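So the chains spell out like this:
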Amino acid sequence: MILEEYMSKRDFTKTSEPEPEIKEAGKNLIYVIQKHQARNLHWDLRLEREGVLKSWAVPKEPPAREGVKRLAVAVEDHPIGYASFEGTIPEGEYGAGTVEIWDKGSYTSEKWKENEIIIDIQGEKLNGKYVLIKTRFKGSKNSWLLFKKKSK
Ligand code: MN
């Protein structure tokens, strides 16, 4: 079952976050970054892919310009409806804190491999080609680096 991990962490009678729903794959792929003031402030990058939102938690503000690399920790897939979620996750629930949309738009995928993703983001804050590369930061299997691709 898809989104199993997402569902197992949440009690939908207590949180207003969206329950899973499957959307047909369309042409306009969703790109969104949510600023999440949880125990630790982070930015959640989400990219629509195969009917779900592939998700990474970025501990520092995602870079609008070249030359800055950010750690991005892959987390569980989220339902498409999460892209428009803003609000407060109650105390005691997973990810408790406030969620606001920091940037949104669409993206196209140039390369999507197990260890490397290249995307063209059309957002308001982020624009242009971005790279996600798997790394072995502190031995973690979920660590990626996110950075804006050099234009030349
Ligand atoms: Mn989060």
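See the structure above.
For clarity, every value in this text was computed on a predicted model and none was experimentally measured.

Trainee: I'm lost on the coordination of the manganese ion in this one. Help?
Mentor: For a metal with four donors in a tetrahedral arrangement, the ideal angle between donors is 109.5 degrees, while six donors in an octahedron ideally sit at 90 or 180 degrees. Protein coordination of the manganese ion is provided by H36 (ND1), H42 (NE2) and D44 (OD), with donor distances spanning 2.2 to 2.3 Å. Counting residues between consecutive donors of the manganese ion along the chain gives the motif H-x5-H-x1-D. For the pair H36 and H42, one class covers both residues: buried.

Trainee: I keep staring at the packing of aromatic side chains and nothing clicks. Help me out?
Mentor: Two aromatic rings are characterised by how far apart their centres lie and by the angle between their planes. Tallied over the entire structure, the rule returns six aromatic pairs. For the ring pair Y6 and Y82, a centre distance of 5.9 Å and an interplane angle of 90 degrees mean the geometry is edge-to-face. Note that Y6 is positioned in helix α1 (residues 4–8) and Y82 in the loop between β4 (69–79) and β5 (87–89), a separation of 76 residues in sequence. Of the two residues, Y6 and Y82, both sit in the buried class.

Trainee: Just to check I follow, could you spell out the environment of K113 for this structure?
Mentor: Tracing the backbone shows K113 in the loop between β6 (97–112) and β7 (116–122). A relative accessible area of 53% means that K113 is categorised as exposed. Residues K113 and L132, spaced 19 residues apart in sequence, show a C-alpha to C-alpha distance of 9.9 Å.

Trainee: I keep staring at the side chain of K148 and nothing clicks. Help me out?
Mentor: Tracing the sequence through the fold places K148 in strand β9 (residues 143–148). This buried residue, K148, is left without a salt bridge; E66 holds the nearest opposite charge, at 6.1 Å. A distance of 2.8 Å separates a polar side-chain atom of K148 from the backbone oxygen of N127. The residues contacting K148, other than those within four sequence positions of it, are A64, R65, E66, V68, N127, G128, K129 and Y130.

Trainee: Quick question: what am I supposed to make of the layout of surface pockets here?
Mentor: A probe matching the size of a water molecule, rolled over the atoms, marks out where space remains unfilled. Approximately 480 Å³ is the volume attributed to the largest pocket. Along the wall of the largest pocket there are 22 residues; nearest its centre are H36, A38, H42, Y94 and G95. For the lining of the largest pocket, the elements supplying multiple residues, two or more each, are β2 (41–49) and β4. Tallying contributions element by element places β2 first for the lining of the largest pocket, with four residues. Residues that form the lining of the largest pocket fall into these classes: eight nonpolar, five polar and nine charged.

About the thresholds
- Residues numbered from 1 in each chain as written.
- Predicted model: local features only at pLDDT ≥ 70, side-chain atom pairs only at ≥ 80, totals over all residues.
- Heavy atoms only, no water.
- Donors = N, O, S within 2.8 Å, 3.2 Å for Na, K, Ca; no water.
- Buried < 20%, exposed > 50% of the residue type's maximum accessible area, 1.4 Å probe, protein only.
- Phe/Tyr/Trp six-rings, centres within 6.5 Å; stacked < 30°, edge-to-face > 60°.
- Helix = DSSP H or I, 4+ residues; strand = E, 2+ residues; numbered from the N terminus.
- Lys, Arg positive; Asp, Glu negative; His and termini not counted.
- Salt bridge = Lys/Arg side-chain N within 4 Å of Asp/Glu carboxyl O.
- Polar contact = N/O pair within 3.5 Å; in protein donor to acceptor, adjacent residues only side chain to side chain.
- Contact = heavy atoms within 4.5 Å.
- 1 Å grid on protein atoms, 1.4 Å probe; cavity = no way out; pocket = protein on both sides within 12 Å on 5 of 7 lines; lining within 4 Å.
- Points joined across faces, edges and corners; volume = space filled by probe spheres on them.
- Nonpolar A, V, L, I, M, F, W, Y, C, P; charged D, E, K, R; others polar.

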